[in-house]
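# Structural characterization, general
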Amino acid sequence: MVRVGFIGLGGMGRYQAGAFAKVKGCAVAAGSDVSPESRAEFAREHPGATVFEDHRAMLRAGVDAVVLATPTGLHASIGAEVLRARLPLLLEKPMARTTAECRRLNDLADRTGALLMVAHCRRYDPYWGLWRKAVAAGRIGRPVLWRHVMAGRGPGRWFMDERLGGGPLLDGAVHNYDFANALFGDPVSVVANTVKMDPAVTAADTGSAIVQYPSGNQLLVSWSWAVKGLALHDILGPKGFIQFGIGKQTVAEEERKTRSFCCLTDAAGKETLLSVPREPNMYILQARHFLDCIRRRTRCLTPGTEAIKAVAVAEAILKAGRAGSARKVTW
Ligand SMILES: NC(=O)c1ccc[n+]([C@@H]2O[C@H](COP(=O)([O-])OP(=O)(O)OC[C@H]3O[C@@H](n4cnc5c(N)ncnc54)[C@H](O)[C@@H]3O)[C@@H](O)[C@H]2O)c1
């Protein structure tokens, strides 16, 4: 039985604890948070767990593995304490606020031999895996342009603090950067432009970027946490395109509740629906993978050495975005 301790019991920490609670062979053993409200919620949901105000007290009390889900700006310092305690760590994305912080965490994981897995949950997502397989198999040809446009009132609070969260071009779009890196290879350069629509926040709340890959593939992201909801998500290639959702097809309501769909349109305009079951979801599969890596002492799919590349893309975009210019991606 792997006793898992959670640091940061806000939205994501508690969601992670809920996912781990559904996985065999582990126990939601402990949680720590500086906020009494977060601690109370966690204690209500996991009555068997011990709750701490200070994560150091939790580490001293003893757990076998840690999930860290504090604001991103604290990942590097608290993550380092967990690795120094030689405990396997599932660290929420983005791995850290800067590539320099990521490098320090990777060095520490190397030196201590502790497992450092970053929670890039989309890599464990059967739904994103579905279109990834179709693209990798060349079903829409090559090169491809993956477009993801998101606008919505963001989570606010620390997320929009430049130092703690970095705004949507780091916190939200880091899922895209990591997934594109997995699919297209190491990123080369970016062109970007960012803007702040809300004068009260310190991070850029809106921006667009194109990330270029050696294969000629491109990722186009445009995120805003300053304006109300809108989403566009598709992948275009010379032989067709893939859209999220069911395209012009009809699917029974019952089936839509239990399966996720994307729609592949070929060059002749013929639509083919691709689908996977919604459960088990990516967080449960991610938790299973983390626990398997601990038990079997195997390398994980999303180590810090991969996750740093996603932070590197974000860093290049945030720097290029201020000037509306281009920048190489380095890490
Ligand atoms: N993978 C995903 O889909 C996903 C989704 C949302 C958030 N996240 C990531 O999860 C992390 C947390 O985000 P969230 O949405 O849960 O934020 P949140 O604000 O809801 O929760 C953060 C919690 O951390 C606590 N905290 C702050 N300082 C602390 C400290 N020193 N020690 C212990 N706890 C402390 C806060 O009190 C709060 O309860 C972020 O890195 C975020 O990017 C990932």
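With that out of the way, let us pick up the nonpolar core. Membership of the largest hydrophobic core comes to 48 residues, with the highest contact counts inside it found for Trp-131, Trp-146, Tyr-177, Ile-242 and Ile-317. It is helix 11 (residues 304-323) that contributes the most residues to this core, 8 residues altogether. Dropping the residues within four chain positions of it, Tyr-177 is found in contact with Leu-169, Tyr-213, Leu-219, Val-221, Ala-310, Val-313, Ala-314 and Ile-317. With 28 residues, the next largest nonpolar core counts Phe-6, Ala-65, Leu-115 and Ala-119 among its residues.

Taking 1.5 Å per residue, 14 residues should reach 20 Å; helix 5 (residues 99-112) reaches 20 Å between its end C-alpha atoms and fits that length. Where helix 5 is buried, its residues meet helix 4 (75-84), strand 5 (89-92), strand 6 (116-119) and helix 11.

Turning to the packing of aromatic side chains, a few remarks are in order. A complete count under the given rule lists 17 aromatic pairs for this structure. Between Trp-128 and Trp-131 the ring centres are 6.0 Å apart and the planes differ by 55 degrees, which places this aromatic pair in the tilted class. Of the two residues, Trp-128 and Trp-131 are both situated in helix 6 (residues 126-136); the distance of 3 residues between them amounts to about one turn of the helix. Ring centres 5.6 Å apart and planes at 85 degrees place the aromatic pair Trp-128 and Trp-146 in the edge-to-face group. Here Trp-128, found in helix 6, pairs with Trp-146, found in strand 7 (residues 145-151); they are 18 residues apart in sequence, far enough to count as distant. On the basis of relative accessibility, which here comes to 0%, the residue Trp-146 falls in the buried class. Ring pairs connect the aromatic residues Tyr-127, Trp-128, Trp-131, Trp-146, Phe-179 and Phe-244, which therefore count as one cluster. Just above the ring of Phe-179 sits the side chain of Arg-132; from NZ or CZ to the centre is 5.8 Å.

For the chain, the domain assignment lists domain 1 (2-121 + 282-300) and domain 2 (123-278 + 312-328). Here the C-alpha centroids of domain 1 and domain 2 sit 26 Å apart. Counting residues at the interface gives 16 residues for domain 1, matched by 18 residues for domain 2. Carbon and sulfur atoms supply 60% of the area that domain 1 and domain 2 bury against each other, a total of about 1,600 Å² over both sides. Summed over the shared surface of domain 1 and domain 2, the number is 2 salt bridges. Across the pair Glu-162 and Arg-97 runs a salt bridge, and its minimum N-O distance is 3.4 Å. Viewed at the interface, domain 2 and domain 1 are joined by 9 residue pairs in polar contact (both at pLDDT 80 or more). When the residues that make up the side of domain 1 that touches domain 2 are grouped by side-chain class, the tally is 7 nonpolar, 7 polar and 2 charged.

Calculation notes
- Residues numbered from 1 in each chain as written.
- Predicted model: local features only at pLDDT ≥ 70, side-chain atom pairs only at ≥ 80, totals over all residues.
- Heavy atoms only, no water.
- Core = buried A, V, L, I, M, F, W, Y, C linked by side-chain atoms within 4.5 Å.
- Buried < 20%, exposed > 50% of the residue type's maximum accessible area, 1.4 Å probe, protein only.
- Helix = DSSP H or I, 4+ residues; strand = E, 2+ residues; numbered from the N terminus.
- Contact = heavy atoms within 4.5 Å.
- Expected span 1.5 Å × (residues − 1).
- Phe/Tyr/Trp six-rings, centres within 6.5 Å; stacked < 30°, edge-to-face > 60°.
- Lys NZ or Arg CZ within 6 Å of the ring centre and 35° of its normal.
- Domains from an automatic or database assignment.
- Buried area = accessible area lost by both parts, 1.4 Å probe.
- Salt bridge = Lys/Arg side-chain N within 4 Å of Asp/Glu carboxyl O.
- Polar contact = N/O pair within 3.5 Å; in protein donor to acceptor, adjacent residues only side chain to side chain.
- Nonpolar A, V, L, I, M, F, W, Y, C, P; charged D, E, K, R; others polar.

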